[in-house]
Amino acid sequence: MFYKELKKFPEHFLWGASTSAYQVEGAYNEDGKGMSVQDVHEPPEGITDFKIASDHYHHMKEDVKLMAELGLKAYRFSIAWTRILPNGAGEVNEKGVKFYNDLINELISHGIEPVVTMYHFDLPYELHKQGGWCNRKTIDAFVQYAKILFENYGDRVKYWLTINEQNVMINHPNAMNPGRLPTKKELYQQCHNMFVAAAKATILCHEMCPGGKIGPAPNITAIYPATCSPEDVIAADNWESIRCWLYLDVAVCGRYNSLVWAYLEEKGYTPVIEDGDMEIIAKAKPDYLGVNYYATATVSAARNDGTDCQPRNGDQQVMIGEEGVYRAAKNDHLEITDFGWMVDSIGMRVTLRRVYDRYHLPILITENGLGAKDELGEDGKIHDDYRIDYLKRHFHQAQLAVTDGVDLIGYCPWAFIDLVSTHQGYGKRYGFVYVNRGEDDLKDMRRICKDSYYWYKEVIKRNGIEE
């Protein structure tokens, strides 16, 4: 569809930026915080861990001031579960409660809308040792945690996100499960228990936070068939349903996707569903959808000859392939970053259209960004024209999606500030703000605004890119 004139972004569009607690805060063992699975995560040799990160915990006011100078309308961040409940359940850590209270107040004082993610990959280690999400006690712990958040922050936080990238945790569990990796059947039991926990938190939010809005934040991407072969189309449908629609169908429609349920039955992965679970899930209605988008994926038909499992790309974009389901394929029409990630700005429009057409709920882009080897130049600046180009193209496609009729309420690029990339540390940077540290050398942790920071500031002022 081509348009003579594009619609403008909505007047109160939430131009924002994102981070997560374990990747940015540091202070992993300070002021009563307990250990999470990320605190015991052992990174590859030569890559930093999450213990200090960008030290946002001690630079919070400085960082929020930079957000305000940037002109952010929203800041999407996560709360560290173990900063609130050091053991995942039980005794509350008041110093942790105070930190986020101070952060939320600081944001609001600068006119920045807090968008709070309740759980972002950092399960309390004590809960992990008791079986993690395979143990239904974790559902009860999450509900206790949710109640504490709503009691303390529900009067000021309007936008809540339950679980970040649940589909990534199920499909790519290596970074979230220290020790033995769960079996596929265990993973889908974890998945179901997360569905129940998120549903209970959604219901609780509506009861405790008048005017509050809550929804999920999966990593969603349109899946392309490698060719117009009907077999490739079936494979694309398979993977899109397993990877994406399962998570939104349960959250929005209150039911398991029928194709995915057939897949679970065929593979022997069906979870135990206890009495009342589906009624709770059906009762929990999200108000909006968070969508993390980085790029599309392309698949071809499975050959069923023992060679379908051939991984492509990394992190959230990893395509493992599965016998009888799909086979990872290469898309020669797309660019590839230095880290092997596909770049598909048009795919953002495709993804937004598909999501909105299926669910007809407002959408907030909760992550999208470019990881690159940003370097501090001799002039003391960071010239990241490549990031400006990347975001400019994606912002344009987002505006096209708005013109297509998608109810897009905001856009929070990943990330506001450089943080620890899960697999590449500080060798892979995403932020509008540079943090002057290396993997082992903390240097002075100085904050330096990149060229993209000043460009984004003008975008926000204009409420969109220049035509």
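Residues numbered from 1 in each chain as written. Predicted model: local features only at pLDDT ≥ 70, side-chain atom pairs only at ≥ 80, totals over all residues. Heavy atoms only, no water.

Novice: Kindly report on the sheet that holds strand β13 (residues 408-411), identifying the contributing residues and their values.
Specialist: With parallel pairing, eight strands are arranged side by side in an open sheet as β5-β4-β3-β2-β1-β13-β12-β7. Of all the strands in the sheet, just β5 (213-217) and β7 (289-292) have a single pairing partner and so form its edges. Geometrically, the sheet is characterised by an average inter-axis angle of 30° between neighbouring strands, direction not taken into account. Running over the sheet, helix α12 (residues 345-359) touches β7, β12 (363-367) and β13 and is turned about 135° from β12. (Pairing = 2+ DSSP bridges. Helix = DSSP H or I, 4+ residues; strand = E, 2+ residues; numbered from the N terminus. Axes fitted to C-alpha atoms, helices over the stretch in contact; angles between N-to-C directions. Contact = heavy atoms within 4.5 Å.)

Novice: Break down the pairing of β7 for me, citing the residues and quoting the values.
Specialist: By the alternation rule, side chains of β7 split into L289 and V291 and G290 and N292, which are all buried. Sheet topology note: the β7/β12 ladder contains four bridges and is parallel. From the neighbouring strand, N292 faces β12, where its bridge partner is E367. (Buried < 20%, exposed > 50% of the residue type's maximum accessible area, 1.4 Å probe, protein only.)

Novice: Tell me what's going on with the sheet that holds strand β8 (residues 297-300), and back it up with residues and numbers.
Specialist: One open sheet accounts for three strands, arranged β6-β8-β9; its pairing is mixed. Among the strands making up the open sheet, the edge pair consists of β6 (223-225) and β9 (327-328). Across two bridges, β8 lies against β9 in antiparallel orientation. Within the sheet, the bridge partner assigned to V299 lies in β9 and is A328. Seen against the sheet, helix α9 (residues 230-253) touches β6 and β8 and runs at an angle of roughly 170° to β6.

Novice: Now, about helix α14 (residues 451-462): what can you tell me, with residues and values included?
Specialist: Spacing of three or four residues puts side chains on the same side of an α-helix, whose turn is 3.6 residues. For α14, spanning twelve residues, the distance from its first C-alpha to its last is 17 Å, which sits close to the expected 16 Å at 1.5 Å a residue. Looking at α14, one finds that the buried residues are S452, Y453, W455, Y456, V459 and I460. The arc that holds the buried residues of α14, viewed along the axis, is 165°, so those residues lie on one side. Of the surrounding elements, those touching the buried residues of α14 are β1 (14-18), α2 (56-70), α13 (385-403), β13, β14 (433-435) and β15 (447-449). (Expected span 1.5 Å × (residues − 1). Arc of directions from axis to C-beta.)

Novice: I'd like a rundown of the side chain of D232, residues and numbers included.
Specialist: Locating D232 in the fold gives a position in helix α9. R303 provides the closest opposite charge to the buried, unpaired D232, separated from it by 8.6 Å. A polar side-chain atom of D232 sits 2.6 Å from a polar atom in the side chain of T227. Each residue touching D232, except ones within four places of it in the same chain, is listed here: P225, A226, T227, V299, S300 and A301. (Lys, Arg positive; Asp, Glu negative; His and termini not counted. Salt bridge = Lys/Arg side-chain N within 4 Å of Asp/Glu carboxyl O. Polar contact = N/O pair within 3.5 Å; in protein donor to acceptor, adjacent residues only side chain to side chain.)

Novice: Before we move on, can you summarise the packing of α9 against α12 with the specific residues and values?
Specialist: At a closest axis distance of 11 Å, the pairing of α9 and α12 adopts a crossing angle of 40°. α9 and α12 meet at a crossing whose hand is right-handed. Of the residues in α12, those touching α9 at E240, W245, L248, D249, V252 and C253 are R354, V355, R358 and Y359. Residue composition of the contact of α9 with α12, by class: six nonpolar, no polar and four charged. (Left-handed = near helix turned anticlockwise from the far one by under 90°. Nonpolar A, V, L, I, M, F, W, Y, C, P; charged D, E, K, R; others polar.)

Novice: Residue-level account of the pairing of β12, with values.
Specialist: Taken across its five residues, β12 has five buried, putting it largely inside the fold. Relative to β13, β12 runs parallel, the two being bridged by three bridges. For I363, the partnering residue across the bridge sits in β13 and is L408.

Novice: Can you lay out the packing of aromatic side chains for me, pointing to particular residues and giving the numbers?
Specialist: With the rule as written, the count across this model stands at 33 aromatic pairs. Their ring planes at 45° and their centres at 4.8 Å tell us that F9 and F13 sit as a pair that is tilted. There is no split in this pair, since F9 and F13 are both buried. Relative to W341, the ring of Y294 lies with its centre 5.3 Å away and its plane at 85°, an arrangement referred to as edge-to-face. Of the two residues, Y294 is situated in the loop between β7 and β8 and W341 in the loop between β10 (335-336) and β11 (342-343); the sequence distance between them amounts to 47 residues. Here Y294 and W341 have matching classes, each one buried. Three or more aromatic residues joined by ring pairs make a cluster, and in this case those are F9, F13, W15, F395, Y411, F432, W455 and Y456. Cation over ring: K51 sits above Y28, and NZ or CZ is 5.2 Å from the ring centre. (Phe/Tyr/Trp six-rings, centres within 6.5 Å; stacked < 30°, edge-to-face > 60°. Lys NZ or Arg CZ within 6 Å of the ring centre and 35° of its normal.)

Novice: So what's going on with the pattern of salt bridges? Which residues, and what values?
Specialist: Using the criterion set out here, one finds 27 salt bridges in the structure. As a salt-bridge pair, R387 and D374 come within 2.9 Å of each other at their nearest N and O atoms. Of the two residues, R387 sits in helix α13 while D374 sits in the loop between β12 and α13, which places them 13 residues apart along the sequence. Across the pair, D374 and R387 agree in class, each one buried. A salt bridge links D418 to R429, with the shortest nitrogen-to-oxygen separation between them at 2.7 Å. Linking D418 in the loop between β13 and β14 with R429 in the loop between β13 and β14, this pair joins segments that are eleven residues apart in sequence. You'll find D418 and R429 in the same group, each marked buried. Ionic contacts of the salt-bridge type, sharing partners, join the residues D374, D384, R387, D418, R429 and K450 into one network.

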